[in-house]
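Fold and contact review
Take a look at the letters that make up each chain.
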Amino acid sequence: MLDIKLIREQPEIIRKALAKRQMDSDVVDSVLELDEKRRALILDVESRKSERNAVSKEIGRMKTAEDRESKITAMRELGDEIAVLDEQLKQVETDLRMTVAGIPNIPDSDVPFGKDDKENVVVRVIGEQKQFDFEPKPHWELGPELGILNFEAGVKLSGTRFYVLEGAGARLQRALIFWMVDLHIRQGYREIYPPWMVHQEVMFASGQLPKFADNLYHDAVEDYWMVPTAEVPLTGMLMGEVVNEQQLPINYTAYTACFRREKMSAGKDVRGIKRGHQFDKVEMYKYCAPENASQELDNMVADAEATCRELGLTYRILLQCTGDLSFGSHKTYDIEVWAPGCKEWLEVSSISNIGQFQARRANIKYRPADGGQARFVNTLNGSGLGLPRTLIAVMENYQQADGSIVVPEVLKPFMGGLEVIQK
């Protein structure tokens, strides 16, 4: 959430930021109008309450019952007016908060302008695309032929865009999760096992609500929201708290299943298991002082890169343009791995500096070491990495001519001695 003071005092900054995102800036006018209305109501309410307090004192000094009764009647009417104004103020404050909550974060100055993901900028490519002396198969052929990927069972159980991993396939996915969490622990992250259902205010704090309500799974009876990413509960971990500057940075890593209502159409982009309503992800998350955010973003990118590098995958780093930048992001790098069977780059991580956008929504602050006033922290998040696309890349890059899959060296300790997945 943006600072209302910034919108009030420098609305052109917000208008320019929205223009970079190819968004209408009328919302700025709505905020300014609501803010003006709110401040006028506050003055009106305070003036009437001041009048009521003054008359209350006057009533106490009156000598006749008749004079007192006349004033008391007038004060009852004034009290009713104040109650009405209080309700109006409450509604205006709610409308103002929700309107401000719908404005996306301001892009960093070095985020390139662009209309969509096709205009993201490739920063670097690491490794060469693997060459085969046979035609590599896509995972949607490899998996079923090996008996480790069952599309029919997924559809039978839950419908389209679901699948079942069996045997060595399920174990390979689990190995990836265990290994990635262990790697991030070695990199200095504290492992968290959070709930996969959270309260509405946690969804709001992370920036998922109200904007993305239609893409989330919600249990209306208990008012639980299924997490679309571990970023949500990791944001909520310190919601409403003040930490000491000496505690920063705070680094978390967590594995969760993720649940999203994906809007998908038929075609190449969704073939196989690249996208679905349920998927697994290992998340990295940081709280830091704002002045250290740029360095911490670089650190997180390096930590995610290490995951790709140790898996032996060819990958590339892209800087997102303004048109692809997510709602809460100030600046984001994507990591994509090469999948030779699909013959495409698959995004396995988006690593973002969120600035103070989530901290304002969640009211997360730190107390400076010099003892000054508490300030909002900076938050960052990134996948380290996301599944099943990392699984796809492993399957397709490590396939052999006979249709078997070699287990990457770093995953062998988690595979019970299995070195090759074969029929």
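Our subject is the structure listed above.
Quick caveat: nothing in here was measured; it's all calculated off a predicted structure. (Residues numbered from 1 in each chain as written. Predicted model: local features only at pLDDT ≥ 70, side-chain atom pairs only at ≥ 80, totals over all residues. Heavy atoms only, no water.)

A look at the environment of Pro194
We apply this condition: Per the convention used, a helix needs a DSSP run of H or I reaching at least four residues, while a strand needs a run of E reaching at least two, with both numbered from the N terminus. By definition, residues are in contact when any of their heavy atoms lie within 4.5 Å.
Looking at the element boundaries, Pro194 is found in the loop between β4 (190-192) and β5 (197-198). In this structure the C-alpha to C-alpha distance between Pro194 and Pro104, which are 90 residues apart in sequence, comes to 27 Å. Apart from residues no more than four positions distant in its own chain, Pro194 is found in contact with Pro233, Ala254, Tyr255 and Thr256.

Notes on empty space enclosed by the protein
Operational definition: The rule is simple: put a 1 Å grid over the protein atoms alone, call a set of points where a 1.4 Å probe fits but cannot get out a cavity, call an open set with protein on both sides within 12 Å along at least five of seven lines a pocket, and count a residue as lining if it has an atom within 4 Å of a point. Grid points are joined across faces, edges and corners, and a volume is the space filled by probe spheres set on the points. Any residue that is not Ala, Val, Leu, Ile, Met, Phe, Trp, Tyr, Cys, Pro, Asp, Glu, Lys or Arg is counted as polar, Gly included; the first ten are nonpolar and the last four charged.
Scanning the entire structure with this criterion turns up one cavity of 30 Å³ or more. A volume near 30 Å³ is recorded for the largest cavity. As for the largest cavity, its lining consists of Arg161, Tyr163, Ile273, Arg275, Gly276, Gln278, Phe279 and Pro388. Its residues assigned to classes, the lining of the largest cavity comprises four nonpolar, two polar and two charged.

Describing helix α7 (residues 168-186)
Our working definition: The span you would expect from a helix comes to 1.5 Å times its residue count less one.
Spanning 19 residues, α7 covers 26 Å between terminal C-alpha atoms, matching the ideal 27 Å at 1.5 Å per step. Downstream of α7 by one or two residues, Gly188 has phi in the positive range, about 110°.

Focus: the side chain of Ser383
Positionally, Ser383 belongs in strand β16 (residues 378-386). For Ser383, the contacting residues outside a window of four places in its chain are Lys281, Val282, Glu283, Met284, Ala304, Val348, Ser349 and Ser350.

A word on the pattern of salt bridges
Cut-off, in case you're wondering: Between Lys or Arg on one side and Asp or Glu on the other, a salt bridge is scored when a side-chain nitrogen of the former is within 4 Å of a carboxyl oxygen of the latter.
On inspection of all chains with the given rule, the structure shows 19 salt bridges. One continuous salt-bridge network, built from bridges that share partners, spans Arg8, Asp35, Glu36 and Arg39.

Side note on a negative patch on the surface
Selection rule: Two distance rules govern patches: like charges are joined within 9 Å, and nonpolar side chains (Val, Leu, Ile, Met, Phe, Trp, Tyr) within 5 Å, applied only to residues with over 30% relative accessible area and no salt bridge. Here the accessible surface of atoms and residues is derived via Shrake-Rupley with a 1.4 Å probe, and residues count as covered only by protein chains that are part of the display. None of His or the chain ends enter the tally, which takes Lys and Arg as positive and Asp and Glu as negative. A charged residue contributes its charge at one atom only: NZ of Lys, CZ of Arg, CG of Asp or CD of Glu. Working definition: with a 1.4 Å probe on protein chains only, accessible area under 20% of the residue-type maximum means buried, over 50% means exposed, and in between means partly exposed.
Taken together, Asp116, Asp117, Glu119 and Glu347 make up a surface patch of like negative charges. Turning to its location among the elements, Asp116 is positioned in the loop between α4 (65-101) and β1 (121-126). Under the relative-accessibility criterion, Asp116 is labelled partly exposed at 31%.

Things to note about the pairing of β16
Rules: Here the rule is simple: two strands pair whenever DSSP picks up at least two bridges between them.
Burial within β16 is extensive, with nine of its nine residues counted as buried. Pairing of strand β10 (residues 278-288) with β16, which is carried by seven bridges, proceeds in the antiparallel orientation. Bridge pairing in β16 places Cys288 opposite Asn378. Bridge analysis of strand β13 (residues 344-355) against β16 gives four bridges, and the strand direction is antiparallel. Paired with Ile351 across the strands is Gly382, a residue of β16.

Regarding the packing of aromatic side chains
The test is simple: When the centres of two rings from Phe, Tyr and Trp lie within 6.5 Å, Trp using its six-membered ring, the rings pair. Their planes under 30 degrees apart give stacked, over 60 give edge-to-face, and anything left gives tilted. Throughout this description, the term charge over a ring refers to an Arg CZ or Lys NZ atom that lies within 6 Å of the ring centre and within 35 degrees of the ring normal.
Summed over the entire model, instances satisfying the criterion amount to eight aromatic pairs. Between Phe132 and Phe134, the ring centres sit 5.2 Å apart and the planes meet at 70°, which makes this aromatic pair edge-to-face. Between Phe327 and Phe357, the ring centres sit 5.5 Å apart and the planes meet at 80°, which makes this aromatic pair edge-to-face. With Phe327 in the loop between β11 (315-319) and β12 (331-339) and Phe357 in helix α11 (residues 357-362), the pair connects residues that are 30 residues apart, well separated along the chain. When its relative accessible area of 2% is taken as the criterion, Phe357 is described as buried. An aromatic cluster of three or more residues is present, and its members are Tyr193, Trp196 and Tyr255. Across the ring face of Phe204, the terminal group of Arg361 is positioned such that the distance to the ring centre comes to 4.4 Å. In this structure, Lys365 is placed above the aromatic ring of Phe376, and the distance from its NZ or CZ to the ring centre is 5.0 Å.

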